[in-house]
Amino acid sequence: MKVQAKFFASFRDLFGGRAREIEIPDGRNAGDLLGLLCDTPARRAGLFDGNGLKPHLIVMINGTHINSLAGLGTPLAEGDVLAVFPMLGGG
Amino acid sequence: MSGRGWKASDELLRLLRAVGRASLAYDIQDSHSGNMAVRWKDERGQERIVITATGSQKGDLEPSQICFLSAEGTDFGYYKASSETDIHARILALPGVGASMHAHVKELTAVTMNDAPKPSRPPDFAPVDTLGYHHLGRAVPVDWFAVPSGSAEMTRTVPDRLAARPLTVIYGHGAVAKGRTLQEAFFLLCVANNAGAVVRSMDRLGVDVESLREKIRNGPAGRFAPPPPAYEIDGDERCDFPEEEEILREFLKAGHRIFESRLSPFHTGSMSVRGVDSMLYAPKASMPADLRGPLLKVPLAPDAADGPEVKVHKAIYAASDFQTVMHCHIPEAEASAHFSYPGETGPCDRIIPVDAEGSFLYLAVPVLPPDFTPAELVGFLHDYKMAVVRGGGVWAVGTQSLSEVLHHPSSLREICHYRIAARERGLDLRRMEPAKARRW
Amino acid sequence: MKGRRVTTSPFPISGYHGRVLEADLTSGAVRVVPLDPAQAMDYLGGRGLATRILYDTIDPACDPLGPGNAVVIAMSPLVGSNAPTAGRGHMVFKSPLTGVLGTSNSGGHWGAGFKATGHDVLVVKGAASSPVMIDISPEKVEILPADRYWGLTTHETHDQLAEDAGPGKPARVLCIGPAGESLVRFAAVANDRNRVYGRCGPGAVWGAKKLKAVRVRGREKVAPSDPEKYKSGLDQAVYLLKQAPVTKRLLRELGTAGLVELINLISMLPHRNFQDCLHRDEDVERISGERLARAFLEKAGSCALCPIGCQRHTRVAGRDGRDERGEGPEYETMVLLGPVCDVYDMEAVTRANYRCNEMGLDTISFGGTLACAMELFETGALTAADTGGLGLSFGNAEALEGLVAMTARREGFGAELAEGSFRLAGRFGRPELSMTVKRLEIPAYDPRASLTQALGYMTSPSGACHLRGGYAVSLAFFGGAKEIPRFSLLQSPIAIRNMQNAGILQDSLGVCRFTGYAFSAEPWARMAGGMTGRDLSVARLEEIENRVATLERQFNVEAGAGPADDALPARFAEAPITVEGKERRVSREDQERMRRDYYRVRGWDADGRPTGELLRALRIETRRG
Ligand code: SF4
């Protein structure tokens, strides 16, 4: 299936672009996709802390925070958009 | 007679798997140890004993590893079930018992070992924490067996022990508990392991456990906060607020975290989110995945029927603007609340972090005596967001959400971990603590 | 018109000078009134103290543009210390835009500068007959003619007045621009050129008083009564600001506009006068903080004592091709002047932002009013005949800059825009097209995407303001540990009350909202307690927060506001947006329930009036006894 990954703020530099479309086998989840994207130690260090996500990261699937879904285990479907943000502030 | 061909129903399989996984997550089994047995009615209405097979991997039970025996039988010969089949069958024959479980409760096992020449009868284990004292009783027997696994001696002794009490210890091996449900037996094992963890943490801190036991023997009333609620077996599936989907999810997430991070033993502690005139209340805060507890909606107004636990939640809300409250039993924190500094009399009145993150987040965590008043507690919660009641667990509050309040006990466990480790290594805690923390 | 230094006996509480400076522009009299210590402890400072003094000074039913209105600016006991971000002042008045309490906060250096003159509070009453300015130093306070500054932009006024002050410690200038002078109902007051007291139209109140500027200069200091306690709070605060990624670097890197992409992704980014939250990705990218940082940012900047540094000092090509420098845009400005007007042209938004700063206009209300005009225009309620030939369709980025100047000077159709969207929409027969609560334009978060935010807008004392009403977005997404449900009717009232109270505390301590990303009340309690040497425990602070919230409500009740004013425009109840695949509205029933619950949480009666019992419990004296 085809899914899209989008990067914001500093993650654009880390992943060399704003978005990437990737073909992954069916049945993969958010953690699998992020693992695939982190193909260098620097990228891995940017997103992961051990096997979990770094604390100050926002990962959303189609606009929903993965903490409100099944976390890294959230299954992906064709056409899903996964977004990676640093935690932001403002107002 | 064997019930071959009868397969575990989905519900039963789910239950055994959930408890199996949870017992591993709580670290009271090795990958293949322990076993569980329950009375269960099959589809023909015939009562059966269901038992997990010897050596099955409790983290991933397969249907083929669940065995069925007729409830009437007493001699099962060699059937692929647990080597402790006989013991379980006898326990299940006790009045009112619906389940039994054996687990390698390491913390408790460790603190009940001694170096006296065997054979001998080891002393009973006397819990010093409120959960252990109230749920297990003031003395838990410990039996030494020459063959501590499936022996005839054990088959006789263990069910006898359990006739009069909920849980018994097998020296150097683990514990066996009975329950009306499997959840209750598991609950007791977790509480027992926790009671062991409290004593072991006290040992490491240099707390004089024997004199504490002595004091408890002489006057338990002054040593513990009001007793925790008795274990309820009904209503675990109850949810009074299905429409509040997001809050529901927060409860389950926080519950999993409490259990998995050992912030409170299975189905102990409590947590709530306050609405305008009611609160959403989880009376069994520590909830692993697939083993929820009830999620209730309770009026905020005081009610004569309120137990001590609910009362504290309501009192906190009545005297503050907090939106969330959490109560849990962290063994390291309970032990730390009994710590006294060398050369000082009486236990400390605050836990002062010595680690970097802890000391900036919390200059100090206050410790209240067991007979605290809710007003005192609320005062401390305002200034510190969290307080430890000696003999009564940890209370914490949040202004917005459950995930916010969860952070406090979770930090406290780390704070205590470092203090205990420092003390164990012979370091001088006073020298490590920021001087100003003694004042705040 | 001269007031000489009045010696008052030393004030018993550290952190305060104990002096309220009162200038009556009608009579030209200046006097120093001693601060009441009990009042200082009950209302703390900043927003709380200012509101108390305003309530005691004016009739809430007065004409906001008449001499009966007053402007009160108060500092906190922490202003003048080295507590992080503690340089902020808070200004209150009756708002000419909303008719209820006007309450606005600003960073910059003026607050600390004023405190250094040896005063805690400035009260300006009455009205002058010709332009004046107030010049304040520890030695003397003067009301001086300001005719030669009248008509100047905020930047020109600032620069000239600072220069005219001569050598020595730099003077800090707070002033209005042309918009305030021409009584634009959402005119701002500025200091440090680009730091503004933006919302609710304080500039118009100044303009009506013919007050062009207040210049301050001094060296008076405050020192903590219990330095050890103060320092323990300070250490903790500084450490945590360096720990939390938002305060450590993200605000500095991206500014608040870094939110654009995120808010879009959570379906909360408003579009076309709040008709929907739908944008094309490539459009959003064009107005993102990432693009701002890449293409326009020269450097980040900071207010006094701020380690966070969210200010955007930017450069953009002017319309004549020459580069212009200025500040902004912030997230709110980017969205209100941008997608809410269906504009995705960052250069145009930035230039319009510069003009708003110079003219002294609140960008949120200006953008909201313009979007309302655009919708009126597209529906035909407004025609080219009304606009003087201007085609005011959505997306008209070209028109932005020119309209700022027209509005600020009330030229042509600008005179209609100067009234704000509520009056504009009413005048052209489509009141439902004004996206306001209590006549204040809604900021850049669609309330349908979070019930808690919706309730915050409904119950904010000043109308739809995310800073007074509570900022639910951070609870849901950025606070990390604080994530709360977005659509919970049960949790919203208390969550938003607590968030509003956290804001009251920050505003009353003179500290920045953004510190809230690193820590909440406890370090402040230690710093404020250490500074004053008084019991300012978190529980005491909580009581102060509730007292201030209820006094603000009492002011509004006496100004004539009721439950009907605590409601969202019909659009949000009727037209759904799609969030996470579900249609979301804030139905009238949901509004009713949340409003009722919120009143109860606050201890107000069913009509939102503070009960006598509550007023007594909180020791709030009112006119009605
Ligand atoms: S974070 Fe921004 S607004 Fe707040 S004090 Fe710092 S520079 Fe000023």
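Residues numbered from 1 in each chain as written. Chains lettered and ligands numbered in written order. Predicted model: local features only at pLDDT ≥ 70, side-chain atom pairs only at ≥ 80, totals over all residues. Heavy atoms only, no water.

Undergrad: Summarise the sheet that holds strand S14 (residues 386-389) of chain B; cite the residues concerned and give the values.
TA: Residues and elements named next belong to chain B. In spatial order, the strands read S10-S9-S8-S11-S15-S14-S13-S12; together these eight strands make up an open sheet with mixed pairing. Each having just a single partner strand, strand S10 (296-299) and strand S12 (350-351) make up the two edges of the open sheet. Sheet topology note: the strand S8 (residues 270-274)/strand S11 (residues 324-328) ladder contains four bridges and is antiparallel. Pairing of Met 271 across the sheet is with Met 326, part of S11. (Pairing = 2+ DSSP bridges. Helix = DSSP H or I, 4+ residues; strand = E, 2+ residues; numbered from the N terminus.)

Undergrad: Just give me the short version of the interface of chain A and chain C, but keep the residues and values in it.
TA: Counting from both sides, the interface comprises 21 residues of chain A and, opposite them, 28 residues of chain C. Across the chain A to chain C interface the summed buried area is about 2100 Å²; carbon plus sulfur atoms make up 63%. The shortest N-O distance in the salt bridge between Glu 285 of chain C and Arg 18 of chain A comes to 3.5 Å. Seen at the junction of chain A and chain C, the total is five residue pairs in polar contact (both at pLDDT 80 or more). Looking at the side of chain A that touches chain C, the elements with two or more residues in it are strand S5 (57-61), strand S6 (64-65) and strand S7 (81-86) of chain A. No other element matches S7 of chain A, which puts three residues into the side of chain A that touches chain C. Residue classes in the side of chain A that touches chain C are distributed as nine nonpolar, nine polar and three charged. (Contact = heavy atoms within 4.5 Å. Buried area = accessible area lost by both parts, 1.4 Å probe. Salt bridge = Lys/Arg side-chain N within 4 Å of Asp/Glu carboxyl O. Polar contact = N/O pair within 3.5 Å; in protein donor to acceptor, adjacent residues only side chain to side chain. Nonpolar A, V, L, I, M, F, W, Y, C, P; charged D, E, K, R; others polar.)

Undergrad: Please set out the nonpolar core residue by residue, giving values where relevant.
TA: In this structure, Ile 73, Trp 110, Ile 134 and Trp 206 of chain C are the most contacted members of the largest nonpolar core, which totals 196 residues. The element best represented in this core is helix H14 (residues 363-379) of chain C, accounting for nine residues. Setting aside chain neighbours within four positions, we find Trp 206 of chain C in contact with Val 71, Ile 73, Met 91, Leu 174, Cys 175, Ile 176, Val 189, Leu 211, Lys 212, Ala 213 and Val 214 of chain C. Core analysis: the second largest hydrophobic core is formed by 68 residues, Leu 15, Trp 40, Cys 190 and Val 207 of chain B among them. (Core = buried A, V, L, I, M, F, W, Y, C linked by side-chain atoms within 4.5 Å. Buried < 20%, exposed > 50% of the residue type's maximum accessible area, 1.4 Å probe, protein only.)

Undergrad: Describe the interface of chain C and chain B, and please don't skip the residues or the numbers.
TA: Facing the 41 residues of chain C at the interface are 35 residues of chain B. Across the chain C/chain B interface, buried area totals approximately 3200 Å², and carbon plus sulfur atoms make up 51% of it. Linking chain C with chain B are four salt bridges, by the criterion used here. For the interface between chain C and chain B, the tally reads 17 residue pairs in polar contact (both at pLDDT 80 or more). Looking at the side of chain C that touches chain B element by element, the count peaks at eight residues for helix H7 (residues 227-243) of chain C. Grouping the amino acids of the side of chain C that touches chain B by side-chain chemistry returns 16 nonpolar, 11 polar and 14 charged.

Undergrad: How would you explain the sheet that holds strand S1 (residues 2-7) of chain A if you had to name every residue and give the values?
TA: Backbone-to-backbone hydrogen bonds pair the strands of a sheet. The strands run either parallel or antiparallel. Residue and element names in this part refer to chain A. The strand order across the open sheet formed by five strands is S2-S1-S7-S5-S6, and the pairing between neighbours is mixed. At either margin of the open sheet sits one strand with a lone partner, and together these are strand S2 (19-23) and S6. Two elements, S1 and S2, share five bridges in a ladder whose sense is antiparallel. Directly across from Lys 6, in S2, lies its bridge partner Ala 19. Those strands touched by helix H2 (residues 30-37) are S1, S2, S5 and S7, and its axis lies near 65° from that of S7. (Axes fitted to C-alpha atoms, helices over the stretch in contact; angles between N-to-C directions.)

Undergrad: I'd like a rundown of the packing of aromatic side chains, residues and numbers included.
TA: Per the stated rule, a full pass over the model turns up 20 aromatic pairs over all chains. Judged by centre distance (5.4 Å) and plane angle (55°), the rings of Phe 519 of chain C and Trp 524 of chain C are tilted. One aromatic cluster in this structure is built from Tyr 26, Phe 186, Phe 259 and Phe 266 of chain B. The cationic tip of Arg 430 of chain B hangs over the ring face of Tyr 341 of chain B; the distance from NZ or CZ to the ring centre is 3.5 Å. Here the guanidinium or amino end of Arg 623 of chain C rests over the ring plane of Tyr 55 of chain C, the centre of that ring lying 4.1 Å away. (Phe/Tyr/Trp six-rings, centres within 6.5 Å; stacked < 30°, edge-to-face > 60°. Lys NZ or Arg CZ within 6 Å of the ring centre and 35° of its normal.)

Undergrad: How would you sum up the environment of Ser 9 of chain B? Please name residues and give values.
TA: If you trace the backbone, Ser 9 of chain B turns up in the segment before helix H1 (10-25). C-alpha of Ser 9 of chain B to C-alpha of Glu 433 of chain B: the two residues are 424 residues apart in sequence and 56 Å apart in space.

Undergrad: Which residues make up the site of the ligand, and what values do they have?
TA: The immediate surroundings of the ligand are formed by Arg 88, Gly 301, Ser 302, Cys 303, Cys 306, Ile 308, Gly 309, Cys 310, Gln 311, Cys 512 and Phe 514 of chain C. Considering only residue class, the shell around the ligand consists of six nonpolar, four polar and one charged. (Near = heavy atom within 4 Å.)

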